[in-house]
Structures are given as structure tokens and as C-alpha cells.
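Next come the chains, spelled out residue by residue.
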Amino acid sequence: MLLSALTEKSPLLWTNPKLAPQSESLPALSLQRSNIDDADQRLQRFAPLLQKCFPELEASQGIIESPLIPVPNLQTQLASNADEHGAFYLKADHSLPVAGSVKARGGIYEVLVIAENIAFEHGLLTANGDTVLLASAKAKELFSQHTISVGSTGNLGLSIGVMAAALGFQAVVHMSADAKDWKKERLRKRGVTVIEHVGDYASAVAAGREDAEQNPLAHFVDDENSLPLFLGYSVAALRLQQQLRDANITVDTEHPLFVYIPCGVGGAPGGITFGLKQIFGDHVHCFFAEPVDSPCMLVQMALGDQESGETRPVSVYDIGLSNQTEADGLAVGAASLLVADFMRTLVSGVFTVPDEDLFRYLYQLHQSEAIKVEPSATAAFAGPGLLFGSADGQDYLARHDLQQRLPNATHILWTTGGSFVPDVEYQRFLQRGLYS
Ligand SMILES: *Cc1c(COP(=O)(O)O)cnc(C)c1O
């Protein structure tokens, strides 16, 4: 039944039968809370360098973060009798500085890890040394001998490319066919080499990986297999924890937290979920959002796990889907197996959204809150409706004793990208949303 609903592209919520209590799930993982703290500390150490590289980080002193925004007007549009369900917020990663998307978190972090390692090797930096040294002419000269490359549908390329170029690396971005022209243009203007591929995201990644293998001074950011990326994303959870405290929002048994995050290959939503589960444990319920044409994580988690416990890779092509979606950030045919494995006991569920709904949400967000995002970033908006309104959602709430606690709940819709979308492009999105 799940399979036919997927192939018919009916929007649906799948809840994860392997979701486990934190007491079982977290100790079994190969990464722990200390890994997140380590990533957080590295970002703090490098904040002065980031501030020097990017003047827009002056006010935040080199910390790349987005606000948590209450969206009462959007809430009334997304759910009927909305106040019975708690309060809706956006985690506004569309406005993340430097990269304009959630990719700023993982991508910039991984470039810093690479730069730090090279600097250590060459005695340019010591463990607690001043990271601003990495903006020196000497460091640029060193980094210019190295290449950082990545395969991307667009936004990861923007993040990695901009950061790598700022430090003086040669930056190469392998773009999949669905990548938007303006994203390629933006990169080329910063001196990044953009290589266009006719294939999908996985083939762009494979081409990049192969290319980098030829060159000993090349560092390939592997979106399908990278732990640094994953950990860079996970730091979002620490930042969100502080923002919830600052807003006097309690998260505990009586005040559950629901988080809805758009999912492509899985690194961003996976890293964030890993972080949130480490901090809030069983009180947080994380759901991923995917286009009906590209539900790669859902397919992997629901169909890739055999009864025997063995995992086999399954793609959306295997079930006859096209992976053709306007949500370019989510146009991924096969999920990261690394992330799928981490998510096996952590993620509450995955839901799917038709493209037309993405544009409608984009329009509604513009009308109700005057906020500009890209289509991929609105995929999360379908989550609360499916949780409250579908049989599987109701069942999830009942199983976890959440129904009577919903009025105290906090729902966070993660808007993952969009502040850099050129205006002409955005006007077209709005038009499309108005008529959908
Ligand atoms: C990349 C991206 C995502 C999903 O991140 P993955 O790591 O690919 O799962 C979501 N939204 C936007 C706008 C993105 O660019």
C-alpha cells in the first residue's frame, strides 16, 4: 500500500516503525554529544576568521546563525483551529548569511576542517592559535595549491564554493542538470569553477569524486558520506536550544517539540535531527519532508531495510519515479546510506509534498509573513497538516501520548533556503503559487 501511494505520488506521511526511545537509540550510535560540542567549539574558534572573510558577519561576530521566528499568521493558513495544536515557528535558515541556505551550516564547517588540517600540517596554525592567521597572504598562497570540490544540486555548491574561494582555495563545483542557472552564475562571479553535468545529483557527485581522486591536493566534500558535514549541521541544535530558552519556550514531556525539515540526500535534516535528539531526547519529534517525485529517504528507510536487518540501497528510480521536481534542493534520487543508518531509530517519520503545494506555501508565506524563500524550503509546511489530519499521524500522536499535549506543543518549520533567489525568479514563483 505504501508502495502504490508512492508510485501514484499521493502525498503521505510515513511514520518510522523503528523509532526507538533515546535510552536505546542514542548509546548505540557511533557519534555522541561530545562530537557536536567539538564542532561547535571549532566554529567558535574560527568565528574571528569568518568575520574577517565576510563583513556581513560583523554583527554576529563571525557566528553564522538564523533567527527563530513566530509565524501566527501562517499558522492560521496552514491548519484549521490552529491554536489547539500549539504554536508555529520558522527556523529561518533561508536567511543564513554567506550561503543563503541550510548548507551554510555543514558546508562552511567542512571547508574550515579541511583548511585547519592543511594549516596544522604546514605549521601555520597551532591547536589554540589565532585562526585569523588563515586569512594571511601566506595562508592564501598555501591554500591556492589545493582544490576543494563538491557535487551539488546548487546550494551546497554555493556554500562550499564561496567559503573555499574566500580562503584562496581553487574551488570546483560539479552541478547536476537541475541546478538553477543563477546559482551557477553567482559562483562563477566569485571565481569558482562550475562544471555542468547532464545527469542527476548522484552522477554529479560521482564525477566530482572521480575527478578529485586524480589529484593528491584535491579535497572532495562527499555529500553522501561526510561526517564533518553531518556534524556541522548538528550544531544547529545547540543554537536552537538557546533560542528556545531565550523565547521562554519549554520543551519537556508536557511541552513536546515537533520539527519538520526538508530532506535531499539527508545530511542537513539528519545532522539537525541527530543534534536535536541528543539535546531533547524523546521530547522532540523530527519529521523529514520530500517532494512526491523524489522521496529518496522515505524509500530508503521504508523499503531498503529488509526484515533480515540487512540494508540494500533503494532509489526513487527503482520504484518508477522520475526525480523531476522544481524543488532543486531536494532533487535527489538516492539517500545517503550513512545518514539513513543514523536516522533509523531517530526520525519520527517522512512525508511527501507535490510541487504545486510548494509554490502555494511559498505564496502564503509571502502574503502572511512577508518572508521570501525558495520552493524547496516550504516542503516542511505540509507536515503539521499531515500529522494532525492523517490516520498515520493520528496514530503516531496516540502511540506517544501526545494528543492532549498538543495545545502546549511547539512546531518548527525549517525554511532551508531562498534569500539569494533573484527577484525575477521569485516573482515567477509567486505567480505560480497564486494560481496553484
Ligand atoms: C540541500 C537542501 C536541503 C536538504 O539537505 P540535504 O542535506 O540534501 O538533505 C533542503 N533544502 C534546501 C533549500 C537545500 O538546499
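Structure shown above.
Now for a description of the structure that goes with this document. (Residues numbered from 1 in each chain as written. Predicted model: local features only at pLDDT ≥ 70, side-chain atom pairs only at ≥ 80, totals over all residues. Heavy atoms only, no water.)

Looking now at the side chain of Asp93. One can find Asp93 in the loop between β3 (87-91) and α6 (103-121). Asp93 gets classed as buried once you look at its relative accessible area, which sits at 0%. Side-chain polar atoms of Asp93 contact the side chain of Arg105, separated by 2.7 Å. When near neighbours in sequence (up to four residues on either side) are disregarded, Asp93 contacts Ser66, Gly100, Ser101, Val102, Arg105, Trp414, Thr415 and Thr416. (Helix = DSSP H or I, 4+ residues; strand = E, 2+ residues; numbered from the N terminus. Buried < 20%, exposed > 50% of the residue type's maximum accessible area, 1.4 Å probe, protein only. Polar contact = N/O pair within 3.5 Å; in protein donor to acceptor, adjacent residues only side chain to side chain. Contact = heavy atoms within 4.5 Å.)

Contact geometry of helix α8 (residues 155-167) with helix α9 (residues 181-189) gives a least axis separation of 10 Å together with a crossing angle of 5°. The orientation of α8 relative to α9 falls into the category roughly parallel. Across the interface between the two elements, Asn155, Gly157, Leu158, Gly161 and Val162 of α8 pack against Trp182, Lys183, Arg186 and Leu187 of α9. A per-class count over the contact of α8 with α9 returns four nonpolar, three polar and two charged. (Axes fitted to C-alpha atoms, helices over the stretch in contact; angles between N-to-C directions. Parallel < 35°, antiparallel > 145°, perpendicular 65-115°, else oblique. Nonpolar A, V, L, I, M, F, W, Y, C, P; charged D, E, K, R; others polar.)

To describe a pair of aromatic rings, you give the distance between the ring centres and the angle between the ring planes. Enumeration over the complete set of coordinates arrives at nine aromatic pairs. On the basis of an interplanar angle of 20° and a centroid distance of 4.6 Å, the ring pair of Phe143 and Phe169 is categorised as stacked. With Phe143 in helix α7 (residues 137-143) and Phe169 in the loop between α8 and β5 (170-175), this residue pair connects regions lying 26 residues apart in the sequence. Relative accessible area serves as the criterion here: at 0%, Phe143 is assigned to the buried category. Classification of Phe169 as buried rests on a relative accessible area of 5%. Pairing Tyr361 with Phe381 gives two aromatic rings, centres 5.7 Å apart and planes at 55°, and the pair type is tilted. Taken as a pair, Tyr361 in helix α15 (residues 355-369) and Phe381 in the loop between α15 and α16 (383-389) lie far apart in primary sequence, 20 residues in all. (Phe/Tyr/Trp six-rings, centres within 6.5 Å; stacked < 30°, edge-to-face > 60°.)

So, about helix α12 (residues 267-280). When the terminal C-alpha atoms of α12 are compared, their 20 Å separation across 14 residues agrees well with the 20 Å that a helix rising 1.5 Å per residue should span. The buried fraction of α12 amounts to 14 of the 14 residues, a majority that puts the element mostly inside the structure. A positive backbone phi angle near 50° is found at Gly281, which sits one or two residues after α12. (Expected span 1.5 Å × (residues − 1).)

Bringing α15 into the picture now. Between its first and last C-alpha atoms α15 spans 21 Å; for 15 residues at 1.5 Å apiece the expected length is 21 Å, and the two agree. Among the residues of α15, Asp355, Asp357, Leu358, Phe359, Tyr361, Leu362, Gln364, Leu365, Ser368 and Glu369 are the ones counted as buried. Looking at the packing, one finds that the buried side of α15 touches β2 (68-70), α5 (72-78), β3, β9 (284-291), β10 (349-353) and α18 (423-434). Two residues or fewer past α15, Ala370 is found with a positive phi of approximately 55°.

Let us now look at the sheet that holds β9. If you walk across this open sheet you meet the seven strands as β1-β10-β9-β8-β11-β3-β2, and the pairing is mixed. Across the chains shown, the open sheet's two edge strands, defined by having one partner strand only, are β1 (13-15) and β2. Mean inter-strand twist for the sheet, computed between neighbouring axes without regard to direction, equals 25°. In this structure, β3 lies alongside strand β11 (residues 410-414), joined through five bridges in parallel fashion. Across the sheet, the residue bridging to Leu90 is Leu413, located in β11. Sheet strands touched by helix α11 (residues 227-246): β2, β3, β8 (257-262) and β11. Its angle to β11, the strand with the most contacts, is close to 135°. α15 rests against β2, β3, β9 and β10 of the sheet, and its axis sits at about 90° to β10. (Pairing = 2+ DSSP bridges.)

What follows deals with empty space enclosed by the protein. The tally for this structure, following the rule as stated, stands at five cavities of 30 Å³ or more. There is about 250 Å³ of room inside the largest cavity. Every residue lining the largest cavity is counted, 28 residues in all, and those nearest its centre are Val102, Lys103, Gly264, Gly329 and Leu330. Where the lining of the largest cavity is concerned, the elements lending two or more residues are β4 (147-152), α8 and α12. Sorting elements by how many residues they give to the lining of the largest cavity places α12 first, with three residues. Class assignment of the residues belonging to the lining of the largest cavity gives a composition of twelve nonpolar, 13 polar and three charged. Lining the second largest cavity are Leu43, Leu50, Gly62, Ile63, Ile64, Ala104, Arg105, Ile108, Gly232, Val235 and Arg239. Contributions of two or more residues to the lining of the second largest cavity are made by α6 and α11. Each residue belonging to the lining of the second largest cavity can be placed in one class, and the counts come to seven nonpolar, two polar and two charged. (1 Å grid on protein atoms, 1.4 Å probe; cavity = no way out; pocket = protein on both sides within 12 Å on 5 of 7 lines; lining within 4 Å. Points joined across faces, edges and corners; volume = space filled by probe spheres on them.)

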